[in-house]
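Structure at a glance
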Amino acid sequence: MPAKWVYNFGAGEADGRAAMKNLLGGKGANLAEMAAIGMPVPPGFTVTTEVCTHFYDHDRSYPEELRAEVEEAVGLIESRVGAKFGDAKKPLLLSVRSGAR
């Protein structure tokens, strides 16, 4: 099992790299690499491919730690862009993309 389920990227930083394609999927690995080398990538996060494996190996349930990791990742995006998820005046807009190994 991975030590973490969510990998952040943006603001010139990234938890992952291109070499982590099996864990982050192609899109996630490439976004992490672009952010790490300083390209202007909007902040975001990738849920690892291991979450899907866990889901099917554990009676269609998510890892216990996943919710807290996603909430922390959303909080990081909020602080980077100055918007808040669910806020009526300055909402944080998110895009969700699917991916695979």
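Criteria and thresholds
Residues numbered from 1 in each chain as written. Predicted model: local features only at pLDDT ≥ 70, side-chain atom pairs only at ≥ 80, totals over all residues. Heavy atoms only, no water. Phe/Tyr/Trp six-rings, centres within 6.5 Å; stacked < 30°, edge-to-face > 60°. Buried < 20%, exposed > 50% of the residue type's maximum accessible area, 1.4 Å probe, protein only. Pairing = 2+ DSSP bridges. Helix = DSSP H or I, 4+ residues; strand = E, 2+ residues; numbered from the N terminus. Contact = heavy atoms within 4.5 Å. Axes fitted to C-alpha atoms, helices over the stretch in contact; angles between N-to-C directions.

What follows deals with the packing of aromatic side chains. Within the structure shown, the criterion is met by 2 aromatic pairs. Arranged with centres 5.0 Å apart and planes meeting at 90°, the rings of Phe55 and Tyr56 form a pair that is edge-to-face. Ring centres 5.0 Å apart and planes at 40° place the aromatic pair Phe55 and Tyr62 in the tilted group. Under the relative-accessibility criterion, Phe55 is labelled buried at 16%. Of the residues examined, Tyr62 reaches a relative accessible area of 54% and is grouped as exposed. Members of the aromatic cluster, joined through ring pairs, are Phe55, Tyr56 and Tyr62.

What follows deals with the sheet that holds strand β3 (residues 44-47). Here we have 3 strands laid out as an open sheet, ordered β2-β1-β3, and antiparallel in their pairing. The sheet is open, and its two edges are formed by β2 (13-14) and β3, each paired on a single side. One ladder, built from 4 bridges, connects strand β1 (residues 6-10) with β3; its direction is antiparallel. Of the residues in β3, the one forming a bridge with Tyr7 is Thr46. The strands touched by helix α1 (residues 21-36) within the sheet are β1, β2 and β3, with β1 carrying the most contacts at an inclination of about 35°.

A few words now on unusual backbone geometry. For Ala11, which is not glycine, the phi torsion reads 55° and is therefore positive. Tracing the chain through its elements places Ala11 in the loop between β1 and β2. Assessed through its relative accessible area of 57%, Ala11 is described here as exposed.

Geometric values such as these leave the question of function open.
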